[in-house]
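Observations on the three-dimensional arrangement
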Protein chains: 2
Amino acid sequence: MAEQVAGPEIQRLIQLLARLPGLGPRSARRAALHLIRKRDELLGPLADALQVARERIITCTACGNVDTRDPCSVCCDARRDAGVLVVVETVADLWALERAAAIRARYHVLGGTLSPLDGVGPKDLNLSTLVERVERDGVREVILAVNATVDGQTTAHYVTDLLAGQKVRVTRLAHGVPVGGELDYLDDGTLAAAMRQRTDF
Amino acid sequence: MAEQVAGPEIQRLIQLLARLPGLGPRSARRAALHLIRKRDELLGPLADALQVARERIITCTACGNVDTRDPCSVCCDARRDAGVLVVVETVADLWALERAAAIRARYHVLGGTLSPLDGVGPKDLNLSTLVERVERDGVREVILAVNATVDGQTTAHYVTDLLAGQKVRVTRLAHGVPVGGELDYLDDGTLAAAMRQRTDF
């Protein structure tokens, strides 16, 4: 074990790095050595960035996004259409939609999906303020941008029921052929959905 | 871009994480979100561990290993045979040999290999103290545990020439069939070497 060679400090660094998604024990060792070799260019700045993140990053109480301010930059952005609310499962999904510049609206991050098998119920998700936001902000449309998985769709149905009493249009993302995708490699369900929801050319 | 969504602090964290070997832009985003979600269990401890590493980890002036003390734990370990010196390219190789408990000896970390094409000459490696160590410590055997690559073998020959004037046995790692390996998948060079260096059963 490396601990006998290099002392507990390096071993601890490796153990923590190995808990990052995408890094295993072997790549964590490589990452630790890389950091030690690049002390001034990488190790120091990363230590500082993590310290800043620890002290300053908070969860937006309005939408569930992470930022250094509350309400977050997205909620505060006056150029966005406050009448449209995009419901996403995670902050990663919010970032993905923003990278795609898919829409200039506000978000509502659920923090996961309903999953009875894993013991995740409505109380475990950021659902309690959703109806309140829709009422208070005069939201016209709620877009369900959840994953096209069983849990995602279960959650979409639950949110739809929750909003049944509101005068709000509930929409969901289109199913279809990915841009750049080849029909031959697509699953039957996607192909059938793309055919049903075909549009004028 | 995520910077418009989540502020420059998170963006900076992602950029630094993406510079770790094994993490690309996408996995760096995932890692950053994972860290933010697990602030107390992971982000904080990792920030601390990096800070400790930044302040305390140094390179052993004797062998080139990294540790929080100089000479390092390996050089200070009296149970090791000081008469045997294992020459390795990198600290990662030193760790690998220690994990395998391959030998209880001391090491000499070159910090790379000679590579004329990349402009790496003898002066760029930790070679100047090698002869001195061999003389001073009464080393009986120098084991060249360098990679079986062209650069590794070039370096091995250079080190051998360097030690030509010393009364020291110079050895190298055996070539052969990896333990658990199948002959059918091995390259011809390895198979031929394994046959030449066959041992009694």
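Residues numbered from 1 in each chain as written. Chains lettered and ligands numbered in written order. Predicted model: local features only at pLDDT ≥ 70, side-chain atom pairs only at ≥ 80, totals over all residues. Heavy atoms only, no water.

Things to note about the overall build of chain A
What counts, and what does not: Secondary structure counts use DSSP, requiring at least four H or I residues in a row for a helix and at least two E residues in a row for a strand, with both numbered from the N terminus. The reference for a compact globule is 2.2 Å times residues^0.38; the radius of gyration itself is calculated from the C-alpha atoms. Only protein chains enter the accessibility calculation, which uses a 1.4 Å probe. A residue is then buried if its area is under 20% of the maximum for its type, exposed if over 50%, and partly exposed in between. Contacts were defined at the residue level, with two residues in contact if any of their heavy atoms lie within 4.5 Å. Each accessible area is a Shrake-Rupley result for a 1.4 Å probe, and residues are judged covered by the shown protein chains and nothing else. None of His or the chain ends enter the tally, which takes Lys and Arg as positive and Asp and Glu as negative. The atoms used to mark charge sites are NZ of Lys, CZ of Arg, CG of Asp and CD of Glu.
Looking only at helices and strands, chain A features eight helices and six strands. Taken against the 2.2 N^0.38 rule, which gives 17 Å for 201 residues, the C-alpha radius of gyration of chain A at 22 Å runs more than 25% over that of a compact globule. Here chain A, with 201 residues, has 46% of them falling under the buried criterion. For chain A, the proportion of contacts with a sequence separation of at least 24, taken over those separated by at least 6, is 47%. Entry remark: accessible area of chain A is about 11000 Å², with carbon and sulfur atoms responsible for 52%. Across chain A, the mean location of the 25 positive side-chain charges is 4 Å away from that of the 26 negative side-chain charges.

Let's talk about a nonpolar patch on the surface
Applied cut-off: Residues with no salt bridge and a relative accessible area higher than 30% make up the patches, which join like charges within 9 Å and nonpolar side chains (Val, Leu, Ile, Met, Phe, Trp, Tyr) within 5 Å. Salt bridge, as used here: a side-chain nitrogen of Lys or Arg that lies within 4 Å of a carboxyl oxygen of Asp or Glu.
On the surface, Val 177, Leu 183 and Leu 191 of chain A cluster together to form a nonpolar patch covering roughly 230 Å² of accessible area. By secondary structure assignment, the location of Leu 183 of chain A is in the loop between strand 6 (169-172) and helix 8 (188-196).

Some details on the interface of chain B and chain A
To be explicit about the condition: Polar contact is defined as a pair of N or O atoms within 3.5 Å, subject to the rule that within protein one atom must be able to donate a hydrogen and the other to accept it, and that residues adjacent in sequence are counted only when both atoms are side-chain atoms. Residue type decides the class: Asp, Glu, Lys and Arg count as charged, Ala, Val, Leu, Ile, Met, Phe, Trp, Tyr, Cys and Pro as nonpolar, and the leftover types, Gly among them, as polar.
On the chain A side, the residues contacting the 55 residues of chain B number 55 residues. Between Glu 9 of chain B and Arg 56 of chain A there is a salt bridge, and its shortest N-O distance comes to 3.2 Å. For the interface between chain B and chain A, the tally reads nine residue pairs in polar contact (both at pLDDT 80 or more). Listing elements by their share of the side of chain B that touches chain A, those giving two or more residues are helix 1 (2-17), helix 2 (25-37), helix 3 (39-56), strand 2 (66-67), helix 4 (73-76) and helix 5 (91-99) of chain B. By residue number, the principal contributor to the side of chain B that touches chain A is helix 3 of chain B, which donates 16 residues. Within the side of chain B that touches chain A, the residues separate by chemical class into 33 nonpolar, nine polar and 13 charged.

With respect to the pairing of strand 5 (residues 141-144) of chain A
Residues and elements named next belong to chain A. Rules: Should DSSP find at least two bridges between two strands, the strands are regarded as paired. Handedness of a crossover: with both strands directed away from the viewer, a clockwise path from the first strand across the helix to the second marks it as right-handed.
What you see with strand 5 is no split at all: Glu 141 and Ile 143 on one side and Val 142 and Leu 144 on the other are buried throughout. Summarising the sheet, strand 3 (residues 81-88) and strand 5 pair through four bridges and their orientation is parallel. Within strand 5, the position partnered with Val 84 by the bridge is Glu 141. Of the pairings in the sheet, the one linking strand 5 to strand 6 comprises four bridges and is parallel in character. If you follow Val 142 over to strand 6, its bridge partner there is Val 170. Between the parallel pair strand 5 and strand 6, the chain is carried across by helix 7 (residues 150-162), and the sense of this crossover is right-handed.

Some points on the domain arrangement of chain A
Quick note on the threshold: Delimitation of the domains relies on an automatic or database domain assignment.
According to the domain assignment, chain A contains domain 1 (8-56) and domain 2 (66-200). Here domain 1 of chain A and domain 2 of chain A have C-alpha centroids that lie 34 Å from each other.

Points about helix 7 of chain A
Residue and element names in this part refer to chain A. So the rule is basically this: An expected span of 1.5 Å times one less than the residue number is assigned to each helix. The arc in question is the one spanned by the directions pointing from the helix axis to the C-beta atoms.
Compared with an ideal rise of 1.5 Å per residue, which puts 13 residues at 18 Å, helix 7 spans 18 Å between its outermost C-alpha atoms and is within 8% of the ideal. Buried within helix 7 we find Gly 152, Thr 155, Ala 156 and Val 159. Down the axis of helix 7, the buried set is contained in an arc of 105°. They therefore lie on one face. Exposed and oriented more than 90 degrees from the buried face of helix 7 are Val 150, His 157 and Asp 161.

Structural notes on the sheet that holds strand 3 (residues 81-88) of chain B
Residues and elements named next belong to chain B. We count it as follows: To define axes, lines are fitted to C-alpha atoms, for helices over the stretch in contact only, and angles between the resulting N-to-C directions are given on a 0 to 180 degree scale.
Taken together, the four strands give an open sheet; going across it, the order is 4-3-5-6, and neighbouring strands pair in parallel fashion. Looking along the sheet, the strands with just one partner apiece sit at the ends: strand 4 (105-109) and strand 6 (169-172). Pairs of neighbouring strands in the sheet enclose a mean axial angle of 25°, with direction left out of account.

Examining the nonpolar core
Rules: In these notes, a set of buried Ala, Val, Leu, Ile, Met, Phe, Trp, Tyr and Cys residues joined through side-chain atoms within 4.5 Å is what counts as a nonpolar core.
Core analysis: the largest hydrophobic core is formed by 78 residues, its most contacted members being Leu 17 and Leu 50 of chain A together with Leu 17 and Leu 50 of chain B. Those residues in contact with Leu 50 of chain B, other than ones at most four positions away along the chain, are Leu 13, Leu 35, Leu 43, Leu 46, Ala 47 and Leu 50 of chain A.

Observations regarding helix 2 (residues 25-37) of chain A
The terminal C-alpha atoms of helix 2 of chain A, which comprises 13 residues, lie 18 Å apart, in line with the 18 Å expected from a rise of 1.5 Å per residue. Residues of helix 2 of chain A that are buried: Ser 27, Ala 28, Arg 29, Ala 31, Ala 32, Leu 33, His 34, Leu 35 and Ile 36 of chain A.

With respect to the pairing of strand 3 of chain B
The side chains of a regular strand alternate between both faces of the sheet. All names here are of chain B. In terms of burial, strand 3 is largely enclosed, as six of its eight residues are buried. Across five bridges, the pairing between strand 3 and strand 4 is parallel. Looking at the pairing, Asp 81 lines up with Ala 105 of strand 4. Read as a crossover between parallel neighbours, the route from strand 3 over helix 5 to strand 4 is right-handed.

Describing the sheet that holds strand 4 (residues 105-109) of chain A
All names here are of chain A. Ordered by their spatial adjacency, four strands build an open sheet running 4-3-5-6, and the pairing between neighbours is parallel. Every other strand in the sheet has two partners, leaving strand 4 and strand 6 as the edge strands with one partner each. Geometrically, the sheet is characterised by an average inter-axis angle of 25° between neighbouring strands, direction not taken into account. Contacts between helix 5 (residues 91-99) and the sheet are confined to strand 3 and strand 4, with strand 4 contributing the most and set at about 160° to the helix.

Overview of the relation of the copies chain B and chain A
Short version of the rule: Least squares is used to superpose the copies, and the fit set is the C-alpha atoms of residues whose pLDDT is at least 70 in both copies.
Taken as rigid bodies, chain B and chain A are interconverted by a rotation of 180° and an axial shift of 0.0 Å, the fit giving an RMSD of 0.0 Å. Viewed as a symmetry operation, the transformation between the two copies matches a two-fold axis. For chain B, the minimum C-alpha distance to the rotation axis belongs to Ala 47 of chain B and amounts to 2.6 Å. Take the interface residues of chain B: 100% of them recur as interface residues in chain A, which is what a same-surface contact looks like.

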